[in-house]
Amino acid sequence: MGADAIVELYRRLRPRLVHFFLRRTRDLDTACDLVGETFARALEHARRFRGGPDADPWVWGIARNVLAEHVRRDRVEQRGLHRLTLERTETTAELRDERAGDEPGPAVQALATLVVDQRDALHLRVVEQLDYEVVARRLGISEPTARARVSRGLRKLALSLDGGHNLNGWTH
């Protein structure tokens, strides 16, 4: 299947896909991003697909996979953000104590274990509460890379703060 066929599929399916994603995410920007990701993947894999009457179900299958990945990524992120929100007050107090000469607490120690890239991405996303698009632009990286850095940072913080247990209770 060529790029022209993908463009035609995009023109024809875009409105229905936006509606599909919008009903599930309740956010127009996210819905449009997911449509874009769907067609980026379709274009990436177009050589393996012959086209024809099965093109619509093929694109819809890609869309369902993109949505499932988004939901999984969002769940992990929300659990991590919730955990960080709970820890934020404790961390602020620990930072004050550290400046006063006391030993840093577990939240500050956990932050110190992050690589700089993850710490910067987390700061922009969690502390400054910026959208991933802005985080990516500020760090000079792609949006998926920004999402990955935040997700990895949250996962590493959760493991550090839980003493080796991840957010689902599994021991590492």
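Residues numbered from 1 in each chain as written. Predicted model: local features only at pLDDT ≥ 70, side-chain atom pairs only at ≥ 80, totals over all residues. Heavy atoms only, no water.

Here we look at the overall build of the chain
- Scanning the chain for helices and strands turns up 7 helices and 0 strands.
- Secondary structure elements of the chain occur, N-terminal to C-terminal, as α-α-α-α-α-α-α.
- Considering the chain as a whole, with its 172 residues, one finds that 37% of them fall into the buried category.
- Here the analysis covers contacts within the chain between residues at least 6 apart in sequence; of these, 56% occur between residues at least 24 apart.
- Within the structure as shown, the chain displays about 10,900 Å² of accessible surface, and the carbon and sulfur contribution to it stands at 50%. (Helix = DSSP H or I, 4+ residues; strand = E, 2+ residues; numbered from the N terminus. Buried < 20%, exposed > 50% of the residue type's maximum accessible area, 1.4 Å probe, protein only. Contact = heavy atoms within 4.5 Å. Areas by Shrake-Rupley, 256 points an atom, 1.4 Å probe, with all protein chains shown as cover.)

A few points about unusual backbone geometry
- In this structure, Arg26 takes a positive phi of about 60 degrees despite not being glycine.
- Structurally, Arg26 is set in the loop between helix H1 (3-25) and helix H2 (28-44).
- By relative accessible area, Arg26 is classed as exposed at 73%.

Considering the confidence of the model for the chain
- Residue-level pLDDT values for the chain average 75, and 67% of them are 70 or greater.
- Taken element by element, the predicted model of the chain shows its lowest mean pLDDT in helix H4 (residues 106-112) (65) and its highest in helix H6 (residues 132-139) (89). (pLDDT = per-residue confidence, 0-100.)

A closer look at the packing of aromatic side chains
- If you walk through the whole model with that rule in mind, you get 3 aromatic pairs.
- Between Tyr10 and Phe39 the ring centres are 5.1 Å apart and the planes differ by 85 degrees, which places this aromatic pair in the edge-to-face class. With Tyr10 in helix H1 and Phe39 in helix H2, the pair connects residues that are 29 residues apart, well separated along the chain.
- Of the residues examined, Phe39 reaches a relative accessible area of 6% and is grouped as buried.
- Consider the rings of Phe20 and Phe21, whose centres lie 5.1 Å apart with planes at 65 degrees: the pair is edge-to-face.
- By way of ring pairs, the aromatic residues Phe20, Phe21 and Trp60 are connected into one cluster.
- Sitting above the plane of the Tyr132 ring, Arg125 keeps its charged end 4.5 Å from the centroid. (Phe/Tyr/Trp six-rings, centres within 6.5 Å; stacked < 30°, edge-to-face > 60°. Lys NZ or Arg CZ within 6 Å of the ring centre and 35° of its normal.)

What about the environment of Gly36?
- Residue position: Gly36 is located in helix H2.
- Gly36 gets classed as partly exposed once you look at its relative accessible area, which sits at 38%.
- Sequence spacing of Gly36 and Ala63 is 27 residues, and the spatial spacing of their C-alpha atoms is 9.8 Å.

Concerning the pattern of salt bridges
- Counted according to the given criterion, the structure contains 6 salt bridges.
- Residue Arg12 is joined to Asp56 by a salt bridge in which the shortest nitrogen-to-oxygen separation is 2.8 Å. A residue pair is termed long-range when its members are at least 10 positions apart, and Arg12 in helix H1 and Asp56 in helix H3 (residues 55-99) qualify at 44 residues.
- On the accessibility criterion, Arg12 (38% relative accessible area) is partly exposed.
- Across the pair Arg137 and Glu133 runs a salt bridge whose closest N-O atoms are separated by 3.6 Å. Linking Arg137 with Glu133, this pair stays in helix H6, spanning 4 residues, or about one helical turn.
- Each of Glu37, Arg41 and Glu69 takes part in salt bridges that share partners, so that together they form one network. (Salt bridge = Lys/Arg side-chain N within 4 Å of Asp/Glu carboxyl O.)

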